Structure formats: structure tokens, C-alpha cells
There are 4 protein chains.
Amino acid sequence: MAGSTLGNIFKITTWGESHGKALGVVIDGCPAGLSLCEGDIQVYLDRRKPGQSAITTPRKESDQVEILSGVFEGRTTGTPISLLIRNTSQKSSDYSEIASYYRPGHADYTFDAKYGFRDYTGGGRSSGRETAGRVAAGAVALKILKEMGVTVAAYTKAIGPVSIDAARFDITAVSRTATCMPDTDADKKASAYLKECMMKKDSCGGIIECIVNGLPAGIGDPVFGKLDAGLAKAVMSIGAVKAVEIGDGISVSTATGSENNDAFFCEEGIIRQYCASRTGLPVKKKTNHAGGILGGISDGSQLVLRAHVKPTPSIFAPQETVNKNGENIQIEIKGRHDPVIVPRAVVVVEAMTALTLLDACMLNMTARLEYLKKFYLPEK
Amino acid sequence: MAGSTLGNIFKITTWGESHGKALGVVIDGCPAGLSLCEGDIQVYLDRRKPGQSAITTPRKESDQVEILSGVFEGRTTGTPISLLIRNTSQKSSDYSEIASYYRPGHADYTFDAKYGFRDYTGGGRSSGRETAGRVAAGAVALKILKEMGVTVAAYTKAIGPVSIDAARFDITAVSRTATCMPDTDADKKASAYLKECMMKKDSCGGIIECIVNGLPAGIGDPVFGKLDAGLAKAVMSIGAVKAVEIGDGISVSTATGSENNDAFFCEEGIIRQYCASRTGLPVKKKTNHAGGILGGISDGSQLVLRAHVKPTPSIFAPQETVNKNGENIQIEIKGRHDPVIVPRAVVVVEAMTALTLLDACMLNMTARLEYLKKFYLPEK
Amino acid sequence: MAGSTLGNIFKITTWGESHGKALGVVIDGCPAGLSLCEGDIQVYLDRRKPGQSAITTPRKESDQVEILSGVFEGRTTGTPISLLIRNTSQKSSDYSEIASYYRPGHADYTFDAKYGFRDYTGGGRSSGRETAGRVAAGAVALKILKEMGVTVAAYTKAIGPVSIDAARFDITAVSRTATCMPDTDADKKASAYLKECMMKKDSCGGIIECIVNGLPAGIGDPVFGKLDAGLAKAVMSIGAVKAVEIGDGISVSTATGSENNDAFFCEEGIIRQYCASRTGLPVKKKTNHAGGILGGISDGSQLVLRAHVKPTPSIFAPQETVNKNGENIQIEIKGRHDPVIVPRAVVVVEAMTALTLLDACMLNMTARLEYLKKFYLPEK
Amino acid sequence: MAGSTLGNIFKITTWGESHGKALGVVIDGCPAGLSLCEGDIQVYLDRRKPGQSAITTPRKESDQVEILSGVFEGRTTGTPISLLIRNTSQKSSDYSEIASYYRPGHADYTFDAKYGFRDYTGGGRSSGRETAGRVAAGAVALKILKEMGVTVAAYTKAIGPVSIDAARFDITAVSRTATCMPDTDADKKASAYLKECMMKKDSCGGIIECIVNGLPAGIGDPVFGKLDAGLAKAVMSIGAVKAVEIGDGISVSTATGSENNDAFFCEEGIIRQYCASRTGLPVKKKTNHAGGILGGISDGSQLVLRAHVKPTPSIFAPQETVNKNGENIQIEIKGRHDPVIVPRAVVVVEAMTALTLLDACMLNMTARLEYLKKFYLPEK
């Protein structure tokens, strides 16, 4: 219960520190029969790994994943999948100084307050590097969702003052820019802004938007099991996220009901087709202020969420803090740090969204007695 | 796993529909020895109940709570506390029409999509009335937290365009205004705006801010057990909430690191006092952009969160939707509905915050081996 | 986490004390669409209730169940089902003396040790009366299992020295005798033995066997999620149970492998029929030493378990114990007590078995990717 | 939720197959500050590992454990501890034949029935080798319990017909004999019996007893959270266990209440000492039929449980079964197999007992309001 396990049926447990021997994740509850190899996971880890552009830390980590269990002859067996990523670039000497003081904006002080001491090398468990395990598990969830017809894609919506609106974007374009903005112009402007920040020994924040297509209506549970509640937890649990929005998000507080309600409608041709079927009416919505979730349950339209990410706390400008002896001191942080967290966190938001959705989809398979009867009673 | 249970140690399970026989909650894991009577809980339920002012539904519910178990001779026994609230005003006839169509902005369609049919009387389980169980359980959590020196207080920060800043406010003032704004001027403006909305057969949204004082540093767990992740889930699980912010929230995405980092310091007098003690340095922060949480763990400063609440979806203006037969129709909702959800949800935000904090505080009691040894080894 | 919640998907939370206002249970995760009324549950509660024969306590409790939520127009809605049983016979005066000492064989001392004080009226939460909530929830699970073709039936296998072997018995016969032995001769002998015990102011123990038919192969999970592990927990959690056996149980420790292994075989006619189907071979076993579970997963044969129940600890003979002041004293318990726990616990064993099986069956519905694809991908 | 996670606060997740790359466990919720190195764990793994005597499989596995995370500068940090054991002896060729049929007494058929296919090399996840992860995690729990004054020790009580009574035994003697019987005579007799079994190409079962000293009264929760229910689950989840007993176990079903009740008493000298203290009376019991648990909560006396272990299902004598094509065939199993499971499972029972007890002890730390107040309120 130190908080490293997530999910009800598709359950993951991550472990590992920034500068320990390795990081990893155990996935318990993965359905049997999924074709899975290291390559399926590596492609997602590569999107997160450092050292890929001028705006990420030059620290080099190959982040090679190894499947240790749960896969036999190329397919998942239904038993736990253990994924291991060895740490290779462990310059702990860089961090010797940090042991003596609390870095502002970091978890140094709170870990000390909780545990009585801390692993001070690179943030230990509180490092952003912890998300490698999430991304590895998310890759498996994303592959299963794809087989179910659900796609999850995130992109950088804003870096500092540079913002784009990309309700429809080419997901492959996200990987093509260093900022993960699927828009070359915005990418250039954002890159220029980031250089400016770096010159000022400063950092900046940004926004990640995640869009889900193909999710059927009916996913999520009432009350505390609401799909948006699960997503809020999953996304807020990413280190630097300080706000989570669903659909219109913060705008709803200044909207009126007539503006914010999404009208339902049926397309005539489709009605006839469905009326004879057991799955009910193919209800659609004229707008999507709700972001695809009503009463905590998916409504069949596009799911939209946004995460607001704080600026990298490790800045090179002088800062005031406290040392071990309780003395007020001024520090200048050294080392290798991204000037913005957002681009590398895009794939983490995708992963957390996918993990939450898949688990909810699995729970939903027992929502009706007719589902149980169809599953267990031999057909006549 | 239909989502009605929340918490790890202090675990609550709510139940009940808007127009069923009753609503309630079972609290499992409440520590033994707490002095508790119906009055302790009733005072919170009274803050949530309808029919109290011109801006809430005239539906009358006394919302009288009955303690059915878990309390003996005025004190909690450590066994489950069952709390019951009978529904008294069940005019189901009002709702007969709704059975035939899907109300925009409501969960009518998504419940049908999930379960194959729905309790159409007053929203059933998806009604805001479901929160009565949360508030009753929250009252118990709030009482325990108070005994631990922690206070939780929420207020209406905004209704439509009328907004206030109340980092320091008188919590008793919150209950004095119908809007739950602790500011008479703002309350008047907001009330005028609400009347306008009602005249236009419309509704509006708003913002609730919740402030926690006295929470020690060290509460919350890393990774998925982060305190802010738990709070985001708890608050987003309240029906109409579409965004959750911690501390500076959405502003962090446009801030720089030098602006957003909170500098640490020690007050000289206090240092001397603590240096000899085992509890570590009394570290403070010059600012509180973080809202009291760093790396998912409380930092000892004030905890601040905000919920953005959508406008009441039940508006009296004509709306487009779909009926049972798949026909596109126009409807006009009748009945008794609040023009704004915010004022009655203030106490729900308080309750959800308290439930999350107390559970995290209980988990934290096993975070160090020295705590176990101190608890179990007889003192010499 | 005071232990009153059980189950992963079909999750129940019981509450209530022997002499409180009421007892009850909340079922969360019950599939929608089950036809359910009070009568479905009452029939099981009636099998458990006291005052029905010479060998049960003369205390009269009508144990009338009331459905407070989760059922609409006669069918479950998928939301929590709250079941309430009011206590009617609360002669607390009977128990005033017990407050001052610890009854041997009861939980009086351990509750005091844990919580610092206890509800001393009739054992409070540790009373066998607590099982009413389990039986009410079990009735719902049993109804669902029946719709899936699974039947669960328990009977009294032994009372003191009187034992029967009833691998095949008429379940309706179980309810016909006061001992719940489906054998009139054994019932007479057991009844005579019980009278003897009562005359000696003593009590006795016994054995309950539970038999499940129709459970398909594949239910249960490896390692800690083993079906037998879940059953062991569920059955051992019944107050007076001190041992649980699966299949041959304790006999396996003196058996050899060649005796204990169950040979597999296929019936020739059936093979042809199945070979073309996707469900695999219809493998059967020549014997059933395993009791229907191999490696923690059901093997498609009859599931067999046994619970060993200790004698009623409340005996009228003089006993030695300790009072509040730490004085060693002799006591004579008064009041209304069954001379044997077994007959009224038969339906509790059935309930606990059903709850465990249904939850495992629901979990199993997500064990293969092909199940998810079949559920979510529209048929072409 | 494929069942590989156990525990509420001290939570473990095991993973790995018999012939995969590695096995391991992640411990989440281990308190910070425990001194821990590989050697602390290795000593327990060495007690479980194969190839140590004439009565265990000659398969050689060094079972070297590696700590990958959660320990910094020799102490646990409070974050997940990942333990890895590489498989070194993977003669998968031995197992090629097994792929084509179902071994009696094994989980081959049930895994196929559940997952649609199986890892047939050495039993995959259903292999006894899976318990390496449990033992590694158990070693950590045992070390913590020891620091709390609680000791857990198991021994072989019976192998086939050879049985001993060892309520008081020298735990170091357990490791000295190949049978894990702390009695040289019995060890010789049991060894002779095992040789006989091996000559007959057969195997045999046995009994493991586990004894816990130093456990304070008050551990465990009512209803489903009973300490004996948790222990029953934990021990029954060990592959070959078919029955679990607490205290007098199966004997209670033929005992009378006057025989089975344990009288309470106070020692006079001790009373005086305690009467002034807040911890209550030092109540003791004259006998211990209950095995240290009353009403699911520890009573402060010795905790006693027994596991009945079935004979090794892999025997070399000819057996009847079914092959892939549904043909009834006769097989002769080859390979490397222990003639009895018991000696290597002794340390597994210890581990499972320790894991359950530690988790219950941690939960108990929040059972009273006074504990929370003492923990959180600064002393005056």
C-alpha cells in the first residue's frame, strides 16, 4: 500500500528508482492469448526516453525492456508479466551535493518527512524516471485496446504561451517534432520559447491533451467508480500534473446549462438498422462539451482530457532553500535536466489513460446478468 | 465493484437511489473510541439538504440520519457504522415522462447503455441525492480529523461570472449565505445572476475551493498513491465536477520554474527547538504554489484544491433529444431543480477531501519501522 | 478495512450487532437485470433464524429482510443492493452480567484487547447473528449461480459422534430435519446426543459438508487467487469454524500419489461432438480426491468442501475465568443458547461458498483476449 | 487480478514461471528503515531450494536473489522492493512430451480450460517453483516481525504414517534434517518410508505445523478480516495444501464445549503490575484449544496452525490420462521430482504465515482513535 499498485482487474505494480539497479513493472490480470514481444513495448519506451533532442536532458538511457515472465511462445499466458529495464547511466556523483539540502519544487523534503530519510540520487522513487514502468505497462494496455477497436492518442497542446487546438491531428505527427506538437509552426515557436527559458536558466510548463476514439458507451461505474474519477486519479498521479480537465473542463464553471448540455440525436438511416437489434439505439450527440463522459460513464463519443504540467523544478538559476542543519542557504542546481517536462510526459498520459480505460472495460463485462448467462450457459 | 466503495483503511460504501426507500452508507474501519451521535452527522447533512433557499429546489427532504450499528454507549466500537436516511418526498409521478427520453447532460442514456435499463425516477443512483451518503460518512471523517488537529473547509469561489478570492475566510460565514460565498457582496451579486438565469429558464456553473489546515508533512504515498491523485479521484467523482486543480492548478502550465517553485526556509527560533528533537527540521515555504503537496506527499503547508462544477443540466428551456423509439424530439423539463449545483456541493467537496485525507493519514502510520517498533514493543 | 467487506467484483459489506437496532448488508457489483424480491432472500434467512426447534435457542427473531435500494420494477439495476434486517428481540438485560467478565471460548477478551472496550450485549459484532447479512447476500449469489447452471448445497455431515456420508443427498431433505441431516435415522441419533449434551449443561461440535454441481472448469486464479484459497478464507471466516478441507482434505497427508491422483478420461461419444468445437476436450476424472479443484482452478467435477465447527462456547456448566478487576472467578452462563452451532450454520456455509464462486466466475470472464474481442467487437 | 497480489498494507506481487527467465516478487508497503541485504533473504531461499538431499529433486537451482529496488544504503526506503531470482537450470527438453497430455493431479488441464493454452514447461506458473517469490517476501516479513518480538517457526509434523508431536521444538533442529522433522528418530523413520515410496515409483503426503510466539492479543479483524480466515487463505494458496487447521482443528467437531473452551486466568503478581497501566489485564489461558485465536482476533497465546499436504502428483508409476486428441492413454512421467512436497514447503508455510501476521499487525495500528491521536498530536 505504498501506492505502487493500480487497477482492479488489469492490475499493475511498478517499482524502481532513478539511480537504482533497474526499474520495472508487473502486470497481473492481462488476458491470455495476446501476441506480445519486447518490440511492442520498446516503441513506447523510446518515445519517453531521454537524450533525444536539444530540449531533453542529455543523460543517455537506452531503456531496453526485457520480458521476464507471462509470455510463452509469443503469447501472453494470463499469468503476471514482469517487465525489467536496467539503469545504465548512473552518475550518482552528480547528486552527492543534493543529499545535503532540499530542492524547491521537488519531493526531497516530503520524502524525508514521511520516511525519515531518502534515496537522494536523482530523486529516487520520486524521479520522473519512475514513469518508465507505467509506459511499459501502458504499451500492453494500448495493444489490447487496439484489438478492441479503441485508440488513445495524446499530444502537446501547449508549451508556455504557445498553444494549439488539435481536436483532429495526425498522431504520427506527434512523434515527428521534439515538442510532440503535431504542428510544425507551433513546434518552432515553442522550441524558440524553450531556448529562451534555457538561456534564462529557467524552465516552463505546458498542457497535454489526450483523445480517445472508438470507446463504446457504457464504460465506467457510478459514484466512486466513475470513469472520469479514475482518469483524474491516473493522470494526476503523474509527477508534475497539477490540474486535470475532462471535456470542456474549467470552462464549465462559467458556462450556462443551455450552452453546456449536449443535445442527443439519432441518424435516421442508422435507427432502422438498430431497431431490430438488441444493442439499443445508436444515440449520438450534436456537441461534446462533456468530453465523452456523462454521469461517470462513457457516452460513445470522443473522450477528451487535459493535464496541466508544472515547469521542471530543477532550474539552474539561484534558489533559496534549507540545508540539513536547518540553515537558510542559496543553491544552484547542476546536472542534466529537461527545460520542460511536457514532451516526454505525452506518452505517459497515453499510458495512464489506456490503463484506466482497459480496466474499466474489463469490469464492464459483468455489468448485466445477460452477459453472465451468455458466457456460461452452453448454447442450445 | 460497481464503484460504490472508497478507501483503503477508512472504507466507505454508499448505496441508495433518489426515489428509492432510503439512502445510506456503511463505514468500515472507523477507529474505536470516537464519541459519535446522530447530531454530529446531521449538521453536515443539513448543509446539503434541499429546500433551504430561493436558489435550491423546493423539494423537501428532512434527510434525518439514523445510526444503525457500530456505536455503543455513545462511542464507536471499531465495527461497521451503518447510517440510514429515509426518503420522504418521493413524487415519482413527476418523473413518468422522463422514462421515455434521454435528458441532455444527464446519465439517462449512459445508464441505459451500461445496464440495459434504468431507474428513471429522479435519476436513480446518478442523482445528486446520492451524495447524502458521502456527506454522512464525511462528517465522521471530519470529526476524527478535528481530533487530530486537521480542519477542512470549502466555500463557493465562483458562481457564473461572480468570483471571489478567499484564501482566508470565516468558515462560519459560508453557511450564512445561500450561495455559500463567505462574502456578503459577492453573495448578492451571485444571487442576482442566478435569478437572471432562472428567468431565462437556464442554469449556471461555478467553482468550489477547499482549504485544509493543520495537515502534517508526510501524508500521501508515492506513484499511484499520491495524495493529490486520491483527491482528484475523490472530487472528480462528484457528479457535476469536470476539472480538479491542486494549488496553482491550471496556471502552472503558463508559469516558469522560477515563478512556480516555492522556496524553503527555517525560522531561526524554531530551528534551535527542533534540532534536538527526532522529528526533523521545521521546514516552511515562502509561497505555496504547490498547494501543500510535493511529489504526492503533503509538505506541511496549507492544502488547496478547486473543483469546477458544470451548470445544472435540468433546465426549463426547450432542448433537443431522442426518445425511446429513436425519434428526434424537443422536450421541456419540468419539476424541481436548483439553478446552480455549487452551494449544495460545497459540503460534498469537504466530505470527499476529509475521507481521502483521513485514509491517507491512517496508511501513513505504518510508513516507518520505528513506528511499528514503538507501537508493539513494550516500553522498558 | 475492519474486515467487513468481501469480494472483488461481487462485493459485499455486512454490518450490525447482535443487539443493535438492525443488521444488514450492501451488495455492490450485482449484475443488472436479475429478478429479485424480498421472498427470494427470506427463504434463506428462515433457514438460519433461531427458535425453530428444540435444539435452537428459544430467542425469537423474525429476521424479516427489507430491500432498500438497487432493485427497480422487480429487477436489479446494477447499483448497490442494501438489505436491512431489524432486530426485534433485544433483551439486553440478559447480558448485563457478561459486561463484567470474559466468557471462555468467546471473543469478549480479544475485542477488549483490540478496541479498548466492547459491545457486551450478546457478543455485539462477534455474535453468530452477524451471519444474517452473509446469508442475505448469499441468497442473491445463489440465485445468480442457479441462472448460470451452478447449484450449491450444504448439509450436516456430523454432530458429535453421529456422522453420515451423503455425497448424493436430497437437498430438500436437509431442511426437513432439525439437525439439517438429510437422513432421518442419523437425525434421530444426533438429536438424542444433543439432548444428552443439554442435560449435562454441555454443547458439542460437528461437520458441515458443501457440494457444488455444474461449476465449469477454469474458475479460480493461480497463486493467491486460487479458488480453494478463497473458499478457505470464506468458510474459515464463519465464527466457530476451526478447520477447512477441500476434497479428501486431511486424508491426503496419509495417502500416496498413486491413491490420491485422479485419472483423466474422455467418453468416446462426447469426444467426436467436441473436437470440432472451440471449447476443448470434455475431460472427466475417474475419481475426485481433488474435490473439483486442481492448481487452484476448478476442473469441472463436483466441488466438495468441509467445515469443522467447534462446540457452542456458551455452556451452562460452571467455568473459570477472569473479571474486570483481574480476579479469577467461577461463572455460570445463563440465557438462550443453541447446544450445537452446526444446523444453523449450514446455510451460512452455502452462502459463503456461493459468494466466493460467483465472484470467481465473474473474474474469469476476462481471462482471455478472445473473450474481450468477442464482447467488444461488433459481429460482422 | 489474476491472483498474484496478496495483502492490504504489506502487499506482495509475485511473478514468474518454472522455466521462464526468472521469478520474483515486488513488496509494496514495507516500512522504511529496515536494515536489509540479499543475505537476509537468501537464508530462507536456501531452505526451499531443490537438490539438497536424497529426497528432493536433483534439479540444481542456485536461487540467488538480487535486490533491484527499495533499499538505499542498506536500509529499506519505504518504496517497492523488487526481488529477482534468475532461473538457471531450464532443461525444457525434459518437458516436450508433457505438452501433449494432461498429468493427473496437476494443473495442466485446468490451465488449458481457463486460458485456452498453457506454458507446459515444468508446470509454468502452477509449478511449486512459484513459491520462491513468496519465500523471498516472507523473509522480509519475518525480519520485521522479529524486530517486533514475534517469531514464526514451522516444522514437518508428519510424512505419510510417521508423525511427531512437537509443540516445543528447537527450530534450528528443523533445518538439520532432510525431512525438516526436529527429531532424529522420526527423521530416520520418515526417510526410510520415503525410500520405500520411491522404490514403488510412488510418492506420499504429510503435515506441516506452524507455531507463532510473541504475537500480542488484538491482531486480526472481525467478520471476513478474521486472522484465521486470512491464514487459511494464505496457507491453502500453497499448491498442494488440501486442508488447514487452527488450534485443535478437526478435533473440535467431536469435542464438547466443556472440553474445548479455554479457561481464562490472571497471575496474581502480574495483575498488580498491570492494574495501573493502560493496556488492560494480562489475561492468560489455562489451555489453548483455540490455537491463539478467538473470534478471529489473536488472544495473546501461542498461535498454532497445520497444513495437510497432498502427495507429489508426479509419480513414475504408469497412470491413465487423456491426450490432446481426446484419446485415453497410459503415461509414465519422467524427470526430476521430489517424492514428498512437505520438507521444502515448511519454509513456505512460515512465509505465508508471516506475511499474513505482519499485514494484520499493521492494520491493527489504526484500530483505536487514541492510537491516531497519540501518533498525530504533538506531545505537550
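Structure: see above.
Report on the accompanying structure. (Residues numbered from 1 in each chain as written. Chains lettered and ligands numbered in written order. Predicted model: local features only at pLDDT ≥ 70, side-chain atom pairs only at ≥ 80, totals over all residues. Heavy atoms only, no water.)

**Some remarks on the interface of chain A and chain B**
It is common to give the size of an interface as the accessible area that goes away when the parts come together.
Logical step 1: Each partner contributes residues to the interface: chain A has 107 residues there, and chain B has 107 residues.
Logical step 2: Across the chain A to chain B interface the summed buried area is about 8,400 Å²; carbon plus sulfur atoms make up 61%.
Logical step 3: It is A:Lys114, A:Phe224 and A:Lys242 that lose the most area in chain A upon contact with chain B, and together they represent 11% of the buried surface on that side.
Logical step 4: Summed over the shared surface of chain A and chain B, the number is two salt bridges.
Logical step 5: Residue A:Glu320 pairs with B:Lys286 through a salt bridge whose shortest N-O separation is 2.5 Å.
Logical step 6: Put simply, chain A and chain B have 49 residue pairs in polar contact (both at pLDDT 80 or more) between them.
Logical step 7: Looking at the side of chain A that touches chain B, the element that brings in the most residues is helix α2 (residues 108-115) of chain A, giving seven residues.
Logical step 8: Grouping the amino acids of the side of chain A that touches chain B by side-chain chemistry returns 50 nonpolar, 37 polar and 20 charged. (Contact = heavy atoms within 4.5 Å. Buried area = accessible area lost by both parts, 1.4 Å probe. Salt bridge = Lys/Arg side-chain N within 4 Å of Asp/Glu carboxyl O. Polar contact = N/O pair within 3.5 Å; in protein donor to acceptor, adjacent residues only side chain to side chain. Helix = DSSP H or I, 4+ residues; strand = E, 2+ residues; numbered from the N terminus. Nonpolar A, V, L, I, M, F, W, Y, C, P; charged D, E, K, R; others polar.)

**Some thoughts on the sheet that holds strand β2 (residues 11-16) of chain C**
All names here are of chain C.
Logical step 1: Read from one edge of the open sheet, five strands run β1-β2-β3-β7-β4, paired in antiparallel fashion. A single partner strand is all that each edge strand has here, and the edge strands are β1 (5-6) and β4 (65-67).
Logical step 2: Bridging between β4 and strand β7 (residues 81-86) involves three bridges; their strand directions are antiparallel. If you follow glutamate 66 over to β7, its bridge partner there is leucine 84.
Logical step 3: The strands touched by helix α3 (residues 131-147) within the sheet are β2, β3 (22-28) and β7, with β3 carrying the most contacts at an inclination of about 35°. (Pairing = 2+ DSSP bridges. Axes fitted to C-alpha atoms, helices over the stretch in contact; angles between N-to-C directions.)

**Examining the environment of B:Ile208**
All names here are of chain B.
Logical step 1: Along the chain, the position of isoleucine 208 falls in strand β10 (residues 206-213).
Logical step 2: A relative accessible area of 0% places isoleucine 208 in the buried class.
Logical step 3: Between the C-alpha atoms of isoleucine 208 and valine 152, which are 56 residues apart in sequence, the distance is 13 Å. (Buried < 20%, exposed > 50% of the residue type's maximum accessible area, 1.4 Å probe, protein only.)

**Structural notes on the relation of the copies chain A and chain D**
Logical step 1: For these two chains of identical sequence, chain A goes onto chain D by a turn of 180° and a shift of 0.0 Å along the axis, with RMSD 0.0 Å. The transformation relating the two chain copies, once decomposed into turn and shift, fits a two-fold axis.
Logical step 2: Mapped onto chain D, 100% of the interface residues of chain A are again interface residues, and the two copies thus contact each other with one and the same surface. (Least-squares fit on C-alpha atoms with pLDDT ≥ 70 in both.)

**A word on the interface of chain A and chain D**
Logical step 1: The partner chain D presents 45 residues to the 45 residues of chain A that form the contact.
Logical step 2: Carbon and sulfur atoms supply 60% of the area buried between chain A and chain D, which totals about 3,500 Å² over both sides.
Logical step 3: There are four salt bridges connecting chain A and chain D.
Logical step 4: Across the pair A:Lys21 and D:Glu66 runs a salt bridge whose closest N-O atoms are separated by 3.3 Å.
Logical step 5: Our count for the contact surface shared by chain A and chain D stands at 14 residue pairs in polar contact (both at pLDDT 80 or more).

**Overview of the packing of aromatic side chains**
Logical step 1: For the coordinates displayed, the defined rule picks out 28 aromatic pairs over all chains.
Logical step 2: Here the aromatic rings of A:Tyr371 and C:Phe375 are separated by 4.8 Å at their centres, their planes lie at 80°, and the arrangement is edge-to-face. You can see A:Tyr371 sitting in helix α10 (residues 369-376) and its partner C:Phe375 sitting in helix α10 (residues 369-376), one on each of two chains.
Logical step 3: Exposure remark for A:Tyr371: the relative accessible area of 16% places this residue in the buried category.
Logical step 4: Feature note: the residues A:Tyr102, A:Tyr109 and B:Phe264 constitute an aromatic cluster, connected by ring pairs.
Logical step 5: Here the basic side chain of A:Lys114 rests over the ring of A:Tyr115, its NZ or CZ set 6.0 Å away from the ring centre.
Logical step 6: Directly above the ring of B:Phe117 sits C:Arg75, whose terminal nitrogen or CZ lies 4.1 Å from the centroid. (Phe/Tyr/Trp six-rings, centres within 6.5 Å; stacked < 30°, edge-to-face > 60°. Lys NZ or Arg CZ within 6 Å of the ring centre and 35° of its normal.)

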